[in-house]
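# Observations on the model geometry
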Amino acid sequence: QAQFVESGGGSVQEGGSLRLSCSAPGFRLEQFAIGWFRQAPGKEREWVSRISGRGGLLNYEDSVKGRFIISRDDAENTVALQMNSLKPEDTATYYCAICLANVKTMCVRSTRFGSWGQGTQVTVSA
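Read on for a plain summary of the structure. By convention here, each chain's residues receive numbers from 1 onward along its written sequence. In keeping with the predicted nature of the model, local features appear solely for residues at pLDDT of at least 70, side-chain atom pairs appear and are counted solely at 80 or more, and the whole-chain, interface and lining totals rest on all residues. The side-chain figures draw on all heavy atoms in the structure; neither hydrogens nor water molecules are used.

### Some words on the packing of aromatic side chains
Only Phe, Tyr and Trp rings take part, Trp by its six-membered ring, and two of them pair if their centres are within 6.5 Å. Stacked means planes under 30 degrees apart, edge-to-face means over 60, and tilted covers everything else. What the rule picks out here adds up to five aromatic pairs. Taking the centre distance of 5.2 Å and the plane angle of 85 degrees together, the rings of Phe37 and Trp116 count as edge-to-face. Remark: Trp116 occurs in the loop between strand 9 (92–98) and strand 10 (120–125) and Phe37 occurs in strand 4 (residues 34–39); sequence separation between them is 79 residues. Burial here depends on accessible area, computed with a 1.4 Å probe over protein chains only, as a share of the maximum for the residue type. Under 20% is buried, over 50% is exposed, and the range in between is partly exposed. Relative accessible area serves as the criterion here: at 8%, Phe37 is assigned to the buried category. Between Tyr95 and Trp116, the ring centres sit 5.8 Å apart and the planes meet at 70 degrees, which makes this aromatic pair edge-to-face. Here the residue Tyr95 occupies a position in strand 9, and Trp116 occupies one in the loop between strand 9 and strand 10, the gap between them amounting to 21 residues. Taking the relative accessible area as the measure of exposure, Tyr95 reaches 11% and is therefore buried. A connected cluster of aromatic rings, assembled from ring pairs, spans Phe27, Phe32 and Phe113. Above the face of the Tyr95 ring, Arg45 is positioned so that its terminal group lies 4.4 Å from the ring centre. The positively charged end of Arg109 is found above the aromatic ring belonging to Trp116, 4.6 Å away from the centroid. In this description a helix means any DSSP run of H or I spanning at least four residues, a strand means any run of E spanning at least two, and both kinds are numbered starting from the N terminus. Here, over-ring charges are defined by two tests on the NZ atom of lysine or the CZ atom of arginine: distance to the ring centre within 6 Å, and angle to the ring normal within 35 degrees.

Okay, structure coming up:
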């Protein structure tokens, strides 16, 4: 079972940037499509971005297109989410997860490997 660790969150002003990192010590993320999700207080967890296992296919939820960039570093066994032009509505706890292999246009979380990590908090102030 993968143990996901999200890091890189923090508090920034509107328009600022953060770079989140997803890792799973002892588990090879390069084998899987990986997605980022977020959950704001009082709201359901929502999909944000997905990167294919080979890194060639990138998907984004409409509200973050043009602002967020997902990438992976197989040597470091991490998947990053570069977040630019942050808005207050981006405030949430961000999580990463393995995506179902047969869904190519968005991340549908696979429940086969691991559980949700603790997430990393992103707070954007106006």
